[in-house]
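An overview of the molecular structure
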Amino acid sequence: MNIRALLPALLLSSTALLLAPLPAAAKVPEAAVAAQAAEPDWAFEASDLPVDPDYRFGKLDNGMRYIIRHNATPAGQGMVWMWIDGGSMSEADDEQGYAHFVEHMAFNGSTHIPEGEMIRLLEREGLAFGADTNASTGFDQTIYKLNLPRNDSELLDSSLMLMREIASELKFDQAAIDREKGVVLSEKRVGDTFAYRNTLDNLDFQYPGALLTRRLPIGTAETLQNATSEKLRGLWQRLYRPSNAAIIVVGDFDPAQVEAEIRQHFASWQGPPALPQPNVGPIDYGLRGKTDIHLDPALSERVTVSVTGPFLDEPDVIATRRVKLMRSIGYGIINRRLQRLARIDDPPFRGAGVGTGDVFREGRTTNLIVDAAEGEWKRGLAVAEAEYRKALAFGVTQAEVDEQLANIRTAQENAAAGADTRPNDAFVGAALSLLYEKQIPTTPESSLERYRQVEPLVTPETVMAALRQEMLPLDNPMIRFEGRTAPEGGAEALRAAWNEGMQAELTQDEQATLAGFGYTDFGAPGTVVSDTVEPLFGIRTIRFANGLKLNLRPTELERDRVSWELNVDGGHMLDTRENPLATAMTSSLPVGGLGKHSLDELQSILAGRSVGFNISADADTFMMGGMTTPRDLELQLDLAAAALTDLGYRPQGEVQYRRGIENTFARLTATPGSALNAAAGRIQSDGDPRFSLQPEADYLALTFAGLRDAIGDRMTHGAAELALVGDFEPEAAIALVARTLGAIPQREAEFRNYDDNDTRIFTADRSTRVVAHDGPDDQALLQMTWPTTDDSDFDQVMRFELLEAIMQVEMTDNLREELGQTYSPAVSSNQSRDYPGYGTFTISAAVDYSQLEAARAAMLETVRSLVDAPVDADVLLRARKPLLEQYENALKTNRGWINLADDAQSEPERLARFKSGPEKLSALTAEDVQATARRYLDPAQRLEIDVVPRSKAPAQ
């Protein structure tokens with residue numbers, strides 16, 4: 001448990017919420033400065049681990065470091081990231097939130113880029129704001145991210161130029177700062193959720209008085225309102241120094257060219273030496289015996305038992321990795337035992353786990369966490385505590401070690417086999433780990449070799465020794481309860497329950513023996529009755545005598561990987577007005593296992609194999625899918641065939657589903673977004689039960705018996721279409737499918753059309769609806785939706801796609817950049833494939849309740865501007881270019897090919913659509929888009945939903 005990893009909701013991003021903290025400008029001891037100066041430039045210089053030789057590492061005379069790696073997966077793309085070794089920890093008391101504010105100002109004017117032009121420049125180059133252009137601020141690092149859709153020299157040069165602008169050329173114009181305040185405050189407001197407040201309370205309890213509890217990256221409303229050019233520039237100048245920064249470039253570039261470009265752009269950057277990071281503490285290692293209760297109506301029940309101790313400074317060397325491997329096996333075994341208990345017929349808890357993580361480099365905390373059903377904390381804690389104590393008292397078994405080793409071995413082998421086609425983000429992540437965590441980027445091949453050397457040394461005894469070295473004894477621990485209702489007896493009852501558990505007598509459990517996988521023979525192999533290759537994309541389309549459709553597309557995009565997807569007729573089309581929840585429990589089916597094996601048994605039987613078991617309901621199909629390897633493809637197909645023919649429907653799945661429902665309904669209106677999601681379907685459909693949230697009691701009354709009645713026929717007889725994409729030999733794959741899915745009993749040849757259940761209306765009542773939420777009183781959300789049409793006319797679909805992109809550009813320009821009213825305005829356009837004539841176009845914005853009227857006016861003005869006149873050529877370019885780049889790069893990954901191949905036989909017309917998409921998109925004019933807006937987006941015909949605080953909502 002790394003404390004930094006526990007705070008993703010606290011880390012701040014320009015397009016996603018995060019967090020970070022820091023103290024007043026701290027004086028740094030001279031010894032700390034000297035120690036920092038004595039450190040090597042790179043952690044691998046002091047390690048016996050062999051660094052990946054394909055990286056190029058360098059350091060400019062000014063102290064700035066860089067990391068370069070050529071990679072052609074996906075081909076013709078790249079990533080340019082800049083890392084700053086500092087975040088909110090470096091703020092003074094009156095600067096709280098300024099590291100993140102500086103990140104926002106990076107996009108708001110510099111020496112060579114006028115305010116607002118950076119994002120526009122990148123959009124013109126095909127980078128979508130948010131998806132390709134992003135940044136994040138944490139406690140002790142800030143990262144700027146450009147994901148390049150092309151590898152041309154001009155785009156690389158522009159990207160490095162922009163990073164240099166951020167590093168040393170920002171303007172901090174006060175008028176721009178004042179405009180951006182609304183955006184930053186909106187981000188703070190949106191992030192103020194029950195989960196965020198719970199995390200803050202937990203930090204205060206675990207680390208009282210520590211700096212990290214007082215330096216959250218989002219800052220305070222007061223400091224953000226008081227932000228000035230002078231203050232922001234002051235922090236920027238302290239943090240953004242050459243020796244405190246690194247550039248990472250990964251992608252399909254010539255490393256020598258990249259290095260020359262980095263030197264050209266950054267060699268002239270001058271600045272004083274970097275300042276050491278402040279101490280995040282003080283961390284009290286002796287803090288014990290305290291109990292905390294934190295209540296919120298939206299929280300599910302959890303008990304956390306913890307102890308904090310000194311940081312273990314373990315440099316990344318071969319010996320450390322060996323110890324960490326054994327340690328991870330120990331934690332994995334204990335958590336596997338807890339997972340097994342969560343899957344019994346009457347489980348004591350929803351889930352539980354034990355782990356130890358760093359509190360930055362100041363301490364480490366061992367946690368035992370128990371997620372209980374409502375009111376069942378005491379039982380859950382007792383069982384989890386007993387398992388924790390049993391592990392320490394009796395150790396682990398060789399069989400448990402072997403299961404963990406099988407999984408680790410397979411992960412290592414898979415990584416080595418696929419090493420040559422790792423994606424760019426894998427290399428960027430490794431580079432960041434080197435900079436931030438001082439973790440050496442080694443090759444998967446060398447990692448596998450080291451694993452093979454250490455595996456014979458892994459025994460139950462060495463595992464327990466490594467575990468005890470790190471895991472702190474939970475003696476007189478800190479105990480924290482969170483939930484909706486206080487535990488009976490309060491804090492004293494929590495403490496008494498723990499103490500009682502520590503005195504309970506322990507008995508060692510017997511280890512069950514498992515049979516082999518029970519699904520390897522499905523009868524005589526199926527016969528191929530049709531085998532053709534469609535001409536547009538070379539997808540091989542095959543039909544078996546039992547009705548199975550098989551679509552094959554071998555690729556070399558991801559070495560040693562096979563992506564698969566199986567679609568079976570039915571899905572939500574089985575939900576009717578009379579039985580709207582018919583398929584609601586579908587995703588819980590894997591928890592019920594197979595007829596011959598429970599899910600827990602499957603996990604042990606299939607240890608070390610790259611297979612998955614999942615089922616979900618889509619609009620008109622049930623879907624399974626995932627990724628495997630060529631050597632495990634046969635087993636994956638066995639598992640898929642078993643899922644179609646012999647689902648287990650065990651009660652464990654029902655129990656977990658119901659507990660999830662209880663927590664879902666508890667937080668249904670906790671935030672504006674969740675309140676809107678709960679109400680929108682009912683409002684838009686005039687209460688059609690198929691698209692409306694039903695009473696909680698209806699969900700709790702669902703059973704697997706009812707689900708079997710609803711979907712059993714489709715699982716047994718419904719048309720099925722399997723797509724395989726990736727690294728496989730076609731004839732061998734066909735033979736494996738013939739022996740598995742091709743051998744199961746006869747199925748319907750074609751997917752049904754469901755004419756009797758494919759009607760969906762959009763309400764004719766366009767009066768404004770008000771929905772109440774139970775979050776803070778300053779939060780509101782405004783959504784406007786228009787009915788459109790289905791996707792039968794592809795030319796119209798493309799016009800909607802471009803209109804959606806244009807609307808996003810205009811909403812961002814108007815509501816975010818010019819008015820500063822919202823952090824993330826959203827636009828979505830959906831034309832149904834399943835409901836004739838049905839489609840929607842939606843815009844929304846999370847705003848301050850006091851700005852609801854102003855936001856409405858701005859949103860409507862944006863819509864009217866698109867209705868009344870064509871957009872200018874620049875807006876059209878900024879919207880269209882990222883869409884064209886998405887088309888260009890869609891088939892550079894197996895995921896893209898799966899999206900194309902999954903219905904290549906049942907809906908072959910979609911192949912032609914995709915092929916013609918770029919040409920049709922390029923041919924569209926501003927007048928075409930205006931005509932679509934004029935036809936469908938009449939402001940007077942919008943359905944508006946205002947989500948407001950309950951205290952402001954009309955009485956129901």
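Keep in mind that what you see is a predicted model, and the values were worked out from it rather than measured. Every chain begins its residue count from 1, and numbering advances along the sequence as written. The predicted nature of this model means local features are confined to residues of pLDDT at least 70 and side-chain atom pairs, given and counted, to a pLDDT of 80 or more, with totals for whole chains, interfaces and linings taken over all residues. Values shown for side chains rest on all heavy atoms present in the structure; no hydrogens or waters enter the calculation.

Structural notes on the overall build of the protein
Applicable threshold: Where helices and strands are cited, they refer to DSSP runs of H or I of at least four residues and of E of at least two residues respectively, numbered from the N terminus. The cut-offs for exposure are 20% and 50% of the maximum accessible area for each residue type, with area from a 1.4 Å probe on protein chains only; residues under the lower value are buried, those over the upper are exposed, and the others partly exposed. Contact criterion: two residues are considered in contact whenever any of their non-hydrogen atoms come within 4.5 Å of each other. Surface exposure here means Shrake-Rupley accessible area, sampled with a 1.4 Å probe, where a residue is shielded only by the protein chains that are shown.
What the protein contains, in helices and strands, is 29 helices and 24 strands. In terms of overall dimensions, the protein has C-alpha extents of about 80 × 80 × 65 Å along its principal axes. The buried share of the protein, reckoned over its 956 residues, is 57%. Counting only contacts in the protein whose residues sit at least 6 apart along the sequence, the fraction spanning at least 24 positions is 84%. Total accessible area computed for the protein in this model is approximately 37000 Å², and 51% of it derives from carbon and sulfur atoms.

Regarding the domain arrangement of the protein
For clarity, the threshold we go by: These domain boundaries are the output of an automatic or database domain assignment. Reported buried area values correspond to the accessible surface (1.4 Å probe) lost by two parts on association, with both partners' losses combined. A pairing counts as a salt bridge when a side-chain nitrogen of Lys or Arg comes within 4 Å of a carboxyl oxygen of Asp or Glu. Each polar contact in these results corresponds to two N or O atoms within 3.5 Å; when the atoms are within protein, one needs to be able to donate a hydrogen and the other to accept it, and residues that are neighboring in sequence are counted only if both atoms are side-chain atoms.
Here the protein is described as being made up of domain 1 (43-267), domain 2 (291-418 + 435-502), domain 3 (528-739) and domain 4 (769-870 + 925-949). Each of domain 1 and domain 2 has a C-alpha centre, and these two points are 33 Å apart. Summed over both partners, the interface of domain 1 with domain 2 comes to about 2500 Å²; 68% of that surface belongs to carbon and sulfur atoms. Considering only the side of domain 1, the residues that lose the most area to domain 2 are Leu49, Asn198 and Phe205, jointly responsible for 26% of the buried surface there. The shortest N-O distance in the salt bridge between Asp201 and Arg480 comes to 2.8 Å. Our enumeration of links across domain 1 and domain 2 arrives at nine residue pairs in polar contact (both at pLDDT 80 or more). Secondary-structure elements contributing two or more residues to the side of domain 1 that touches domain 2 are β2 (55-59), β3 (65-70), α6 (194-206) and β7 (245-251).

As for helix α16 (residues 490-503)
Selection rule: Take the number of residues in a helix, subtract one, and multiply by 1.5 Å to get its expected span.
If you check α16, its first and last C-alpha atoms are 21 Å apart, about what 14 residues at 1.5 Å a residue would give, namely 20 Å. Every buried residue of α16 is accounted for by Gly490, Ala493, Leu494, Arg495, Ala497, Trp498 and Gly501. Lining the buried residues of α16 we find β8 (291-295), β9 (302-309), β11 (363-371), α11 (377-394) and β12 (478-483).

As for the sheet that holds strand β23 (residues 839-848)
We apply this condition: Two strands are counted as paired when DSSP detects at least two bridges linking them. The angle between two axes is taken between their N-to-C directions and runs from 0 to 180 degrees, where each axis is a line fitted to C-alpha atoms and a helix contributes only its stretch in contact.
Ordered in space as β20-β24-β21-β23-β22, the five strands form an open sheet in which the pairing is mixed. Edge positions in the sheet fall to β20 (769-773) and β22 (826-831), since each of these pairs with one other strand and no more. If you compare each strand with its neighbour and ignore which way they point, the axes differ by 20 degrees on average. Packed on one face of the sheet, helix α5 (residues 174-190) meets β21 (779-787) and β23 and runs near 100 degrees to β23.

Regarding the UniProt feature "domain: Peptidase M16 C-terminal" (unreviewed entry) in the protein
What counts is decided by this rule: UniProt positions are given in the numbering used here, feature names are shortened, and annotations may be inferred rather than shown by experiment.
With numbering aligned to this structure, UniProt lists the feature "domain: Peptidase M16 C-terminal" (unreviewed entry) at residues 227-404 and 707-881. Each end of residues 227-404 is marked by a C-alpha atom, and these two atoms are 52 Å apart; helix forms 40% of the span and strand 21%.

Remarks on the packing of aromatic side chains
The condition that has to hold: For Phe, Tyr and Trp, where Trp contributes only its six-membered ring, two rings pair if their centres lie within 6.5 Å, and the inter-plane angle classes them as stacked under 30 degrees, edge-to-face over 60, or tilted in between. Ring-over charges, as used throughout, are those where CZ of Arg or NZ of Lys falls within 6 Å of the ring centre and within 35 degrees of the ring normal.
Per the counting criterion, the structure on display carries 19 aromatic pairs. A centroid spacing of 6.5 Å and a plane angle of 45 degrees characterise the contact between Trp236 and Tyr240, whose relative ring orientation is tilted. Ring geometry for Phe665 against Tyr699: centres 5.6 Å apart, planes inclined by 55 degrees, an arrangement best described as tilted. One end of the pair, Phe665, is in helix α19 (residues 651-666); the other, Tyr699, is in helix α21 (residues 696-700), with 34 residues separating them in the sequence. Given the relative accessible area of 10%, Tyr699 is considered buried. Cluster of aromatic residues (ring-pair linked, three or more members): Trp42, Phe44, Tyr55, Phe57 and Phe427. The aromatic ring of Tyr835 is capped on one face by Arg760, whose charged end is 5.6 Å from the ring centroid. Positioned above the aromatic ring of Phe537, the side-chain terminus of Lys915 is 5.1 Å from the ring centre.

Description of unusual backbone geometry
Residue Thr73 is joined to Pro74 through a cis peptide bond whose omega torsion reads -5 degrees. Mapped onto the secondary structure, Pro74 falls in the loop between β3 and β4 (78-84). Cis geometry marks the peptide bond from Gly281 to Pro282; its omega dihedral reads 10 degrees. Non-glycine residue Phe172 carries a positive phi angle of around 55 degrees. By secondary structure assignment, the location of Phe172 is in the loop between α4 (153-168) and α5. Judged by its relative accessible area of 2%, Phe172 falls in the buried class.

Some words on the pairing of strand β6 (residues 142-148)
Most of β6 sits inside the fold, with seven of its seven residues counted as buried. Here β4 pairs with β6 via seven bridges, running antiparallel. Counterpart to Ile84 in the pairing with β6 is Thr142. Relative to β6, strand β5 (residues 133-137) runs antiparallel, the two being bridged by five bridges. The partner of Asn134 across the bridge, within β6, is Lys145. Remark: four residues form the turn of the hairpin made by β5 and β6, two consecutive strands paired antiparallel.

Observations concerning the pattern of salt bridges
Oppositely charged side chains can form a pair if their charged atoms are brought close together. According to the stated counting rule, one finds 72 salt bridges in the structure shown. Asp316 is paired through a salt bridge with Arg321; the nearest N and O atoms lie 2.8 Å apart. By relative accessible area, which is 25% here, Arg321 ends up partly exposed. Among the ionic pairs, Asp600 bridges to Arg343, the shortest N-O distance being 3.4 Å. Taken together, the positions of Asp600 in helix α17 (residues 599-605) and Arg343 in the loop between α10 (318-341) and β10 (351-359) put the pair 257 residues apart, joining distant regions of the chain. A relative accessible area of 11% means that Asp600 is categorised as buried.

Considerations on the sheet that holds β8
With respect to topology, five strands assemble into an open sheet ordered β8-β12-β9-β11-β10, the strand pairing being mixed. At either end of the open sheet lies a strand with only one pairing partner, and these are β8 and β10. Along the sheet, successive strands turn relative to each other by an average axial angle of 15 degrees, direction set aside. α6 rests against β8, β9, β11 and β12 of the sheet, and its axis sits at about 165 degrees to β12.

Some words on the nonpolar core
Put simply, the rule reads: Residues belong to a common nonpolar core when they are buried Ala, Val, Leu, Ile, Met, Phe, Trp, Tyr or Cys residues joined through side-chain atoms within 4.5 Å.
In this structure, Leu566, Leu722, Leu724 and Leu741 are the most contacted members of the largest nonpolar core, which totals 76 residues. Per-element accounting of this core gives the leading share, nine residues, to helix α18 (residues 633-645). When residues of this core are assigned to domains, at least three fall in each of domain 3 (528-739) and domain 4 (769-870 + 925-949). Beyond its immediate stretch of four places on either side in the chain, Leu566 contacts Phe622, Met623, Met624, Ala640, Leu644, Ala720, Glu721, Leu722 and Leu741. Counting residues in each nonpolar core, the second largest holds 51 residues, with Val102, Leu127, Ala227 and Leu235 among its members.

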